[in-house]
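# Architecture at a glance
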Amino acid sequence: MKKADVVEFFARLAADNPHPETELDYTNPYTLLVAVALSAQATDVGVNKATRRLFAEVDTPEKMVALGEEELKQHIKTIGLFNTKAKNVIALSEKLIADYGGEVPADRDALETLPGVGRKTANVVMNTAFGAETFAVDTHIFRVGNRTGLARGKTPLAVELGLEKVVPQPFRLHAHHWLILHGRYVCKARTPECWRCVVRDLCAYKPKTPAPKRGATEA
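Counting from 1, residues in each chain are numbered in the order their sequence is written. The predicted nature of this model means local features are confined to residues of pLDDT at least 70 and side-chain atom pairs, given and counted, to a pLDDT of 80 or more, with totals for whole chains, interfaces and linings taken over all residues. Only hydrogens and water are removed before side-chain values are computed, so all heavy atoms of the structure are retained for them.

Turning our attention to the packing of aromatic side chains. Any pair of Phe, Tyr and Trp rings, taking the six-membered ring for Trp, is counted once the centres come within 6.5 Å. Such a pair is stacked with planes under 30 degrees apart, edge-to-face with planes over 60 apart, and tilted for the rest. Counted under the stated rule, the structure contains 3 aromatic pairs. When the centroid spacing of 5.3 Å and the interplanar angle of 70° are considered together, the rings of F9 and F10 count as edge-to-face. Ring centres of F10 and F171 lie 6.1 Å apart, and the angle between their planes is 20°; on these two criteria the pair is classed as stacked. One end of the pair, F10, is in helix α1 (residues 3–16); the other, F171, is in the loop between α10 (156–166) and α11 (175–185), and 161 residues separate them in sequence. Its relative accessible area of 0% is what places F10 among the buried residues. Put simply, the rings of F9, F10, F171 and W178 pair up and form one aromatic cluster. In this scheme, the term charge over a ring applies when either NZ of a lysine or CZ of an arginine sits within 6 Å of the ring centre and within 35 degrees of the ring normal. If you follow R147 out to its NZ or CZ, it ends over the ring of Y205, 5.0 Å from the centre. For the purposes of this entry, the term helix denotes a DSSP run of H or I that reaches at least four residues, the term strand denotes a run of E that reaches at least two, and both are numbered from the N terminus. Only protein chains enter the accessibility calculation, which uses a 1.4 Å probe; a residue is then buried when its area is under 20% of its type maximum, exposed when over 50%, and partly exposed in between.

What follows covers the side chain of T22. Along the chain, the position of T22 falls in the loop between α1 and α2 (29–38). By the criterion applied in these results, polar contacts are pairs of N or O atoms within 3.5 Å in which, for protein atoms, one can donate a hydrogen and the other can accept it, and in which residues neighboring in sequence qualify only through two side-chain atoms. Of note is the side chain of T22, whose polar atom sits 3.2 Å from the backbone nitrogen of L24.

Here we come to the packing of helix α9 (residues 139–148) against α11. Helix packing for two helices is described by the angle between their axes and how far apart those axes are. Helix axes are fitted only over the stretch in contact, all axes being lines through C-alpha atoms; the angle between N-to-C directions runs from 0 to 180 degrees. At their nearest, the axes of α9 and α11 sit 8 Å apart, and the two run at 90° to each other. As the angle between them shows, α9 and α11 are arranged roughly perpendicular. Of α11, the residues touching α9 (which contributes H140, I141, R143 and V144) are H176, L179, I180, H182, G183 and R184. Under the grouping applied here, Gly and all other residues not named as nonpolar or charged are polar, the nonpolar ones being Ala, Val, Leu, Ile, Met, Phe, Trp, Tyr, Cys and Pro and the charged ones Asp, Glu, Lys and Arg. Split into classes, the residues belonging to the contact of α9 with α11 amount to 4 nonpolar, 4 polar and 2 charged. Put simply, angles under 35 degrees are roughly parallel, angles over 145 are roughly antiparallel, angles from 65 to 115 are roughly perpendicular, and the rest are oblique. Contact definition: two residues touch when any of their heavy atoms are within 4.5 Å.

Let's shift gears to the nonpolar core. Remark: nonpolar core denotes a set of buried residues (Ala, Val, Leu, Ile, Met, Phe, Trp, Tyr, Cys) joined through side-chain atoms within 4.5 Å. Formed by 33 residues in total, the largest nonpolar core has its most connected members in Y30, L33, L54, M64, L72 and L111. Every element with two or more residues in this core is listed here: α2, α3 (44–57), α4 (61–67), α5 (69–76), α6 (82–100) and α8 (119–130). Examining the composition of this core, we find that 7 residues originate from one element, α2, more than from any other. Beyond its immediate sequence surroundings of up to four residues, L33 is in contact with L92, L96, V104, L114, V117, T121 and V125. Core analysis: the second largest hydrophobic core is formed by 24 residues, V6, F9, V144 and L202 among them.

Structure follows, in structure tokens:
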């Protein structure tokens, strides 16, 4: 995608949604970290449902450790891989207490040393909690980056590095939220809704999906 087209691409997404935000519910950097860690292979809606009561009671690493792994499992048992996730959340909470005074570090490398926290989770926390210009490449961004031609790559890291190179100011801070939301609601995996896409003429995806016929059920 040409530089001018990239600028126009993000200008349109920004105009369509000036203040994009994560759809995960959280109250502070710690609960955001936990929510993102729980969201792997799960929907934001499902995570929010499971954490609503949890975060009302537990909003610090100390409270999480006091809650304990078995009680945490009861809160998050509706989320996929909840056994492993509960173990990781307790372990990362213990590490935050031991190594960071109970505070979430504003450093991607430090975040990646926490149990169950990979680069994507660290990037989300850095961006959403601390305002860093990071690009957390999930399945949606990976698809949008490749499908549109914005940042092609065979791995999430390749797409992330591609975005680092091409996304211009003033769009870098919110770019990853725009791309996630675009992939989640418009540029869908099975049937992209090209007929209502604000950047369809800039997109490299050739077989543009036509609008469904009146009365037809959308895929």
